Amino acid sequence: MRVLSLLVVALLLSPLLAGFAAAEAATVTITIGRRVDVLTLSLRAGEGIDFAWSSAQGPVRFRVERSSDGTDIFTQTGQIGQDTVRIPFDDRYVFSFQNENLFSVTLTWSINRRPDIVPWLIVGFAVVLVILGVLAILSERRRRMGWANLPPQPPMPPSR
């Protein structure tokens, strides 16, 4: 029973652990007028990507582009940026920064893939329901077996 409890807890915590495993971050220096592709991910429609960056020297342009046709699905310009991008289609996506200044900039960025927890919640709920059903069946069997093995009761004396 203890093993089953640990399994259910692990199953329910796995989306949180998956979120930590899907994070990328770094510091990069971009020369004048250059673009740097920092990450490429295969993503599914509906997934969320959290991103953030900061640059002390000047603004940069952040882009998320679908690699199959080069279409920008998101752009944001600034010295500091933070938001969440929802992915519209299953595809590979390129995350990049463009330096449009007349000098080099150094920026720190992070991109985090948000775990899709809905399927995990459904699986966790189903596992809990199965466990509860098995426990109910076992409890009913014990109850029935317990009554079937009772010694016969003596007959009741006649009432007067």
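Residues numbered from 1 in each chain as written. Predicted model: local features only at pLDDT ≥ 70, side-chain atom pairs only at ≥ 80, totals over all residues. Heavy atoms only, no water.

Undergrad: Where do I start with the overall build of the protein in this structure?
TA: Scanning the protein for helices and strands turns up 2 helices and 8 strands. Order of helices (α) and strands (β) in the protein, N terminus to C terminus: α-β-β-β-β-β-β-β-β-α. Within the protein, the proportion of its 160 residues that are buried is 27%. (Helix = DSSP H or I, 4+ residues; strand = E, 2+ residues; numbered from the N terminus. Buried < 20%, exposed > 50% of the residue type's maximum accessible area, 1.4 Å probe, protein only.)

Undergrad: I tried to follow the environment of Ala 52 on my own but got confused; where do I start?
TA: Mapped onto the elements, Ala 52 comes out in strand β3 (residues 48-55). Note on Ala 52: relative accessible area 23%, which makes it partly exposed. Spatially, the C-alpha atom of Ala 52 lies 5.4 Å from that of Ser 110, the residues being 58 residues apart in sequence. Those residues within four positions of Ala 52 in sequence are excluded, and the remaining contacts are Gly 81, Gln 82, Thr 108, Trp 109 and Ser 110. (Contact = heavy atoms within 4.5 Å.)

Undergrad: I'm lost on the pairing of strand β5 (residues 72-78) in this one. Help?
TA: On a regular strand, each side chain points to the face opposite its neighbour's, so the side chains alternate between the two faces of the sheet. In this structure, strand β4 (residues 60-66) lies alongside β5, joined through 6 bridges in antiparallel fashion. Bridge pairing in β5 places Arg 61 opposite Thr 77. Between the end of β4 and the start of β5, which pair antiparallel, lie 5 residues, with Gly 70 showing a positive phi angle near 75°. (Pairing = 2+ DSSP bridges.)

Undergrad: Looking at this model, I keep getting lost on the sheet that holds strand β6 (residues 80-86). Mind explaining?
TA: Within a beta sheet, neighbouring strands are joined by backbone hydrogen bonds and run either parallel or antiparallel to one another. The 4 strands lie next to each other as β1-β8-β3-β6, forming an open sheet whose pairing is antiparallel. If you trace the sheet from one side to the other, it starts and ends with β1 (23-30) and β6, each paired once. Between one strand and the next, the sheet's axes are offset by a mean angle of 15°, whatever the strand orientation. Taken together, the 7 bridges between β3 and strand β8 (residues 105-113) define a ladder with antiparallel strand orientation. Each bridged residue has a counterpart across the sheet, and for Ser 54 the counterpart in β8 is Thr 108. (Axes fitted to C-alpha atoms, helices over the stretch in contact; angles between N-to-C directions.)

Undergrad: Even after reading the chapter, I still don't get a nonpolar patch on the surface, so can you show me in this structure?
TA: Nonpolar side chains collect at one region of the surface, where Phe 125, Val 128, Leu 129, Val 130, Leu 132, Val 134, Leu 135 and Leu 138 lie side by side and expose about 690 Å² of accessible area between them. Structurally, Leu 132 is set in helix α2 (residues 118-148). (Patch = residues over 30% accessible without salt bridge, like charges linked within 9 Å, V, L, I, M, F, W, Y side chains within 5 Å. Areas by Shrake-Rupley, 256 points an atom, 1.4 Å probe, with all protein chains shown as cover. Salt bridge = Lys/Arg side-chain N within 4 Å of Asp/Glu carboxyl O.)

Undergrad: Is there a simple way to think about the confidence of the model for the protein in this case?
TA: Confidence in the prediction for the protein averages 82 pLDDT; 78% of positions are at 70 or higher. This stretch, residues 6-13, has a pLDDT under 50; its non-local contacts, to residues over four places away or in other chains, come to 8 contacts. Scored below 50 in pLDDT, residues 15-21 shows 6 contacts in the model against residues more than four places distant or in partner chains. (pLDDT = per-residue confidence, 0-100.)

Undergrad: Honestly, the side chain of Glu 65 in this entry has me stumped. Any pointers?
TA: Structurally, the position occupied by Glu 65 is in strand β4. Separated by 3.3 Å, the side chains of Glu 65 and Arg 35 make a polar contact. Aside from chain neighbours lying at most four places away, what touches Glu 65 is Arg 35, Gly 70, Thr 71, Asp 72, Ile 73, Arg 92, Tyr 93 and Val 94. (Polar contact = N/O pair within 3.5 Å; in protein donor to acceptor, adjacent residues only side chain to side chain.)

Undergrad: Whenever I open this one, the nonpolar core confuses me. Can you help?
TA: Nonpolar side chains tend to gather and get buried jointly when the protein is soluble and globular. Ranked by size, the top nonpolar core spans 22 residues in total, and within it Trp 53, Phe 62, Phe 95, Phe 97, Leu 107, Trp 109 and Ile 111 carry the most contacts. In contact with Trp 109, not counting residues within four places along its chain, are Glu 24, Ala 25, Ala 26, Val 28, Val 38, Ala 52, Trp 53 and Phe 97. (Core = buried A, V, L, I, M, F, W, Y, C linked by side-chain atoms within 4.5 Å.)

Undergrad: Honestly, the pairing of strand β7 (residues 91-98) in this entry has me stumped. Any pointers?
TA: The buried fraction of β7 is high, at 6 of 8 residues. Note that strand β2 (residues 35-43) and β7 share 8 bridges and pair antiparallel. Bridged to Leu 43 within β7 is Asp 91. Bridge count for β4 against β7 is 6 bridges, and the pairing is antiparallel. Its bridge partner being in β7, Val 64 is matched across the sheet by Phe 95.

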